[in-house]
Amino acid sequence: MEKILVLDFGGQYNQLIARRVRDNNVYAEILPYTTPIEVIKANNYKGIIFTGGPNSVYDMKSPHYTKEILELGIPVLGICYGCQLIAWMCDGVVKTAPVSEYGKIEVTVKDSLLFKGIPEKSVVWMSHTDYIAQPPEHFEVVGCSKDCPCAAMQYPEKEIYAVQFHPEVTHSEYGLKMLHNFLYLVCKCSGDWVMDNFIEKTVSELREKIGDKRVILGLSGGVDSSVAAGLLSRAVGDQLTCVFVDQGLMRKDEGDFVEKTFTSLFDMKFIRVNCQEHFLKALKGVTDPEEKRKIIGTEFYKVFWEEIRKQDEKGYFAQGTIYPDCIESGKGNADKIKTHHNKVKMPDDIEFLDIIEPLSSLFKDEVRRVGEKLGIPHELVWRQPFPGPGLGVRIIGEITAEKIEILQQADAIFREEMANSEYESNLAQFFAVLPGVKSVGVMGDHRTYEQLVILRAVTTDDFMTADWARIPYELLARVSNRITNEVKGINRVVYDITSKPPATVEYE
């Protein structure tokens, strides 16, 4: 299989670059800049992409790499910091720019394989405070903007290309075409990364590995574990046992939907553990979001492991781990926004033959495509992103059974109206939040003092940034009217019109 290496220097778009490469039917993997050159040599990459990053290349504490990587005979594309790094490695001059560039900027480009089929002038996404003041010897400047004299450069004889902007983001008008040109015109890729091939190959490998042994999978009802279950079911049938821990923090009727789906569609043993009371007891009095996440994650696996201990036969343990869970970042001491991961440590008293992670090479959008091809229902495969702790982090403050029921009902009305109006296809994600705020209201002739609910809806291509959705007022009014009339305990509905940044999509 052809592979492109995305060498991560701490850029926020490292995963997005890899996804864009894979969108072109070429497999990409991400490694940190600390990866030894010997490892890179051994992997037979068709091309290497240096990511962006927040540092300055002339600061010796910043991420660097040996110049030997440019002498391997492998095509290289540098993006933003990666562009400046190439200049620095080849004895060019990088300085603080007289004028920083952020956002959409018009660039002018010259003839280059990288820009084949692209207009002379187009808009790209810039985000830099340093610039290449003097390109290295042998490099030709093939792109510029009003304030950036070297927005792109090349050394075609050595197949080295570099751009100061970000072609991987949709704001760059012809950025995806540039990446396609690098992959197919420079790296000479053939495009052999296809989902059908992945399913066939993975099922065959699973059958060979598992043989006649049993497999146990922790099924959350989310996209990743559901698709992993589908793959394993196709591979080994009823040798698979799925343990579904319903902690009572899912959306309305979602637990029943998951059970019905997997007991009717797949050949497997399905065990459902209903344990809302257990989780409510563990969460009593807890308000800190990080603490809630830790408790929900810890208790989930406590319940899960207790169920596993009841199994007689030792077999394999399967997880719905996907590629972003496995990536070792090049960011170093990046800020911690929130805890979310899918890597599990087993108790000492539980033994398995091995851990199986059939989706560990895939991004979320690729997992969805596999799910569709496996015949998993559209509403499950394409369900919107849902936090691992469920409604536990959409209820601000202490979690109670009453609050869960209120939020489930309000959220269900919001989703139902979006579906009925066929507006949901315009949105990347939408949901209700219970912020723990009460307000005065009037219902009939009576004063009320009840809960406020927040509606949140966003549009985005990649979730790196997101804009609040301009839902028609009539539709919002219908949702608000239904919630305040049908959900006991809510007397006010508000709509969040904050984009990301400065907000995040979720509240906790």
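Please refer to the structure higher up on the page.
Fair warning: this is a prediction, and the values are worked out from it, not measured in the lab. (Residues numbered from 1 in each chain as written. Predicted model: local features only at pLDDT ≥ 70, side-chain atom pairs only at ≥ 80, totals over all residues. Heavy atoms only, no water.)

## As for the packing of helix α13 (residues 401-420) against helix α14 (residues 473-486)
Where α13 contacts α14, the two axes come as close as 10 Å, and the packing angle between them is 150 degrees. Seen from above, α13 lies across α14 with right-handed handedness. Between α13 and α14, the residues in contact are Gln409, Ala410, Ile413, Phe414, Glu416, Glu417 and Met418 and Leu475, Arg478, Val479, Arg482, Ile483 and Glu486, respectively. Partitioned by chemical class, the residues of the contact of α13 with α14 number 7 nonpolar, 1 polar and 5 charged. (Axes fitted to C-alpha atoms, helices over the stretch in contact; angles between N-to-C directions. Helix = DSSP H or I, 4+ residues; strand = E, 2+ residues; numbered from the N terminus. Left-handed = near helix turned anticlockwise from the far one by under 90°. Contact = heavy atoms within 4.5 Å. Nonpolar A, V, L, I, M, F, W, Y, C, P; charged D, E, K, R; others polar.)

## Regarding the pairing of strand β9 (residues 160-163)
Burial along β9 is two-sided: the face carrying Ile160 and Ala162 and the face carrying Tyr161 and Val163 are both buried. Of the pairings in the sheet, the one linking strand β4 (residues 76-79) to β9 comprises 4 bridges and is parallel in character. Each residue of the ladder has a partner; that of Gly78, found in β9, is Ala162. Note that strand β8 (residues 152-155) and β9 share 4 bridges and pair antiparallel. The partner of Ala152 across the bridge, within β9, is Val163. (Buried < 20%, exposed > 50% of the residue type's maximum accessible area, 1.4 Å probe, protein only. Pairing = 2+ DSSP bridges.)

## Some remarks on the sheet that holds strand β13 (residues 316-318)
The 5 strands are arranged β12-β11-β10-β13-β14 in an open sheet whose pairing can be described as parallel. Looking at strand neighbours, the two that pair on one side only are β12 (269-274) and β14 (355-356), the edges of this open sheet. Of the strand pairs in this sheet, strand β10 (residues 215-219) and strand β11 (residues 240-246) are connected by 5 bridges, and their pairing is parallel. Residue pairing in the sheet places Gly218 in a bridge with Val243 of β11. Docked against the sheet, helix α9 (residues 289-308) engages β10, β11, β12 and β13, running at close to 140 degrees with respect to β11.

Any link to function would need more than the numbers given here.
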